[in-house]
Amino acid sequence: MSSVNLRKVAMIGCGFVGSASCFALMQSGLFSEMVLLDMDQDKAEGEALDISHGLPFAQPMQIYAGGYDDIKDAAIIIVSAGANQKPGETRLDLVKKNVGIFKSIMPEIKKRDIGGILLIVANPVDILTYAAIQLSGLPENRVFGTGTVLDSARLRTILGEHLGVDSRSVHASIIGEHGDSEIAAWSSANVSGIPIRDFFEMRGFHDVDEYLAKTAEDVKNAAYEIIKKKHATYYGIAMSVRRVCEAIIRDEKSILPVSSLIYGAYGIEDVCLSMPAIVCKTGIETLVPIELSAKEQEALRNSADTLKQVIRDSL
């Protein structure tokens, strides 16, 4: 296994999401070296130049465009390469195009004896994380996706604004598919330890169940809304990428709803989807069981079944 430079990150794919993520990582202070890869070499070089021109206002860092040989010792290899979701398209509509792209990327990773972590960002992230595990040859704990980290951030943002509290004090997760079958895990949601429904009542809000149902729908449809208005989403996911990288590089053992291979939890087998997991320097340490109602568990199994069907059809 190649030795790992803990201060180095690689980005494969320099579209909106990849370049925005690189910009967020440049400002993070986590890395001293960043290599950008793209099928369009000029695009990778242009993004590397543009981002590097902000370094006088950040911290010293080497930012450059490179090839697959340059990623061997990266602590984290981020894969955002893939077709963008167009207005009216679901994430699952992207499957065949992006699985095809992964079938060209992953063999390049496999032949280079990578020692770092493979973080999948491209959509549909759950299907592509599963594909990456199958095709990369890396251990399962070192291959995972950003999953519903962004969806959960959207949920916390909306709840924080509505309740008039810091969104960082809102502990609520979206689980399952990063997509149309995702589930808001209301049974375990709380604001600084106070169950979510109790906190709503404390703030004088009523019709709570109706509001929570609407909020879950708003979160699920947030990407469609943004894509309709500006044709792409990239800032929110860029900050999600940065957050996951922080947890890895700092060995934080943070609990994040990342997409990983599930074995047996809630009767789910052999599929990647998002559940809260402890994320650290070795990747995923373990899943964290959270309280789910019978209805939420059923919805989670249905979400898994949806993803499994797509996997069977596309891989």
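Residues numbered from 1 in each chain as written. Predicted model: local features only at pLDDT ≥ 70, side-chain atom pairs only at ≥ 80, totals over all residues. Heavy atoms only, no water.

Considering the overall build of the chain
So, step 1. Helix and strand counts for the chain stand at 10 helices and 14 strands.
So, step 2. For 315 residues, the compact-globule estimate of 2.2 N^0.38 gives 20 Å, and the C-alpha radius of gyration of the chain, at 19 Å, lies within 12% of that figure.
So, step 3. If one aligns the C-alpha atoms of the chain with their principal axes, the spans along those axes are about 55 × 45 × 35 Å.
So, step 4. When each of the 315 residues of the chain is scored for burial, the buried share is 53%.
So, step 5. Partitioning the intrachain contacts of the chain with sequence separation of at least 6 by distance along the chain shows that 71% fall at a separation of at least 24. (Helix = DSSP H or I, 4+ residues; strand = E, 2+ residues; numbered from the N terminus. Rg over C-alpha atoms; globule rule 2.2 N^0.38 Å. Buried < 20%, exposed > 50% of the residue type's maximum accessible area, 1.4 Å probe, protein only. Contact = heavy atoms within 4.5 Å.)

Points about the environment of tyrosine 266
So, step 1. Relative to the helices and strands, tyrosine 266 resides in the loop between strand E12 (254–263) and strand E13 (269–280).
So, step 2. Measuring from C-alpha to C-alpha, the distance between tyrosine 266 and arginine 301 comes to 7.4 Å, with 35 residues separating the pair along the chain.
So, step 3. Reaching out from tyrosine 266, the side chain makes a polar contact with the backbone oxygen of isoleucine 290 at a distance of 2.8 Å. (Polar contact = N/O pair within 3.5 Å; in protein donor to acceptor, adjacent residues only side chain to side chain.)

What to know about the pairing of strand E2 (residues 33–37)
So, step 1. The element E2 is largely enclosed, with a buried count of 5 among its 5 residues.
So, step 2. Here E2 shows a buried face lined by Glu33, Val35 and Leu37 and a second buried face lined by Met34 and Leu36.
So, step 3. Bridging between strand E1 (residues 5–12) and E2 involves 5 bridges; their strand directions are parallel. Within E2, the position partnered with methionine 11 by the bridge is leucine 36.
So, step 4. Handedness of the E1-helix H1 (residues 16–28)-E2 crossover: right-handed.
So, step 5. In the sheet, E2 pairs with strand E3 (residues 62–65) via 4 bridges, with the strands oriented parallel. In the strand pairing of E3, methionine 34 is matched with isoleucine 63.
So, step 6. Handedness of the crossover is the feature at issue here: the chain leaves E2, passes through helix H2 (residues 41–52), returns alongside E3, and the resulting connection is right-handed. (Pairing = 2+ DSSP bridges. Right-handed = clockwise from strand over helix to strand, strands pointing away.)

Some thoughts on the packing of aromatic side chains
So, step 1. Scanning the model with the defined rule gives 4 aromatic pairs in all.
So, step 2. Plain terms: the ring middles of phenylalanine 16 and tyrosine 234 are 4.9 Å apart, the flat faces sit at 15 degrees to each other, and that makes the pair stacked. Of this pair, phenylalanine 16 sits in helix H1 while tyrosine 234 is found in the loop between helix H8 (222–230) and helix H9 (235–249), placing the two residues 218 residues apart along the sequence.
So, step 3. Sitting above the plane of the tyrosine 234 ring, lysine 230 keeps its charged end 3.9 Å from the centroid. (Phe/Tyr/Trp six-rings, centres within 6.5 Å; stacked < 30°, edge-to-face > 60°. Lys NZ or Arg CZ within 6 Å of the ring centre and 35° of its normal.)

Some words on the sheet that holds strand E11 (residues 194–195)
So, step 1. Within the open sheet, the 3 strands sit side by side as E7-E10-E11. Their pairing is antiparallel. Both outer strands of the open sheet, strand E7 (170–171) and E11, are each paired with one neighbouring strand and no more.
So, step 2. Pairing between E7 and strand E10 (residues 190–191): 2 bridges, direction antiparallel. Following the sheet pairing, histidine 171 is matched in E10 by asparagine 190.

Some thoughts on the packing of helix H5 (residues 149–163) against helix H7 (residues 208–220)
So, step 1. Running from N to C, H5 and H7 cross one another at 135 degrees; their axes reach a closest spacing of 9 Å. By the angle class used here, H5 and H7 are oblique. Between H5 and H7 the crossing geometry is right-handed. Here Asp151, Arg154, Leu155, Ile158, Leu159 and His162 of H5 come into contact with H7, specifically with Tyr211, Leu212, Thr215, Asp218 and Val219.
So, step 2. Looking at side-chain class alone, the contact of H5 with H7 contains 6 nonpolar, 2 polar and 3 charged residues. (Axes fitted to C-alpha atoms, helices over the stretch in contact; angles between N-to-C directions. Parallel < 35°, antiparallel > 145°, perpendicular 65-115°, else oblique. Left-handed = near helix turned anticlockwise from the far one by under 90°. Nonpolar A, V, L, I, M, F, W, Y, C, P; charged D, E, K, R; others polar.)

Comments concerning the nonpolar core
So, step 1. Counting 45 residues, the largest nonpolar core has Ile12, Ile71, Met106, Ile109, Leu118, Ile120 and Leu273 as the members making the most contacts within it.
So, step 2. Residues contacting leucine 273, with those up to four places away along its chain left out, are Asp126, Gly176, Glu177, Val258, Ser259, Ser260, Ile262, Ile268, Leu300, Ala304 and Leu307.
So, step 3. Of all hydrophobic cores here, the second largest spans 42 residues; its members include Val9, Leu25, Ile117 and Leu119. (Core = buried A, V, L, I, M, F, W, Y, C linked by side-chain atoms within 4.5 Å.)

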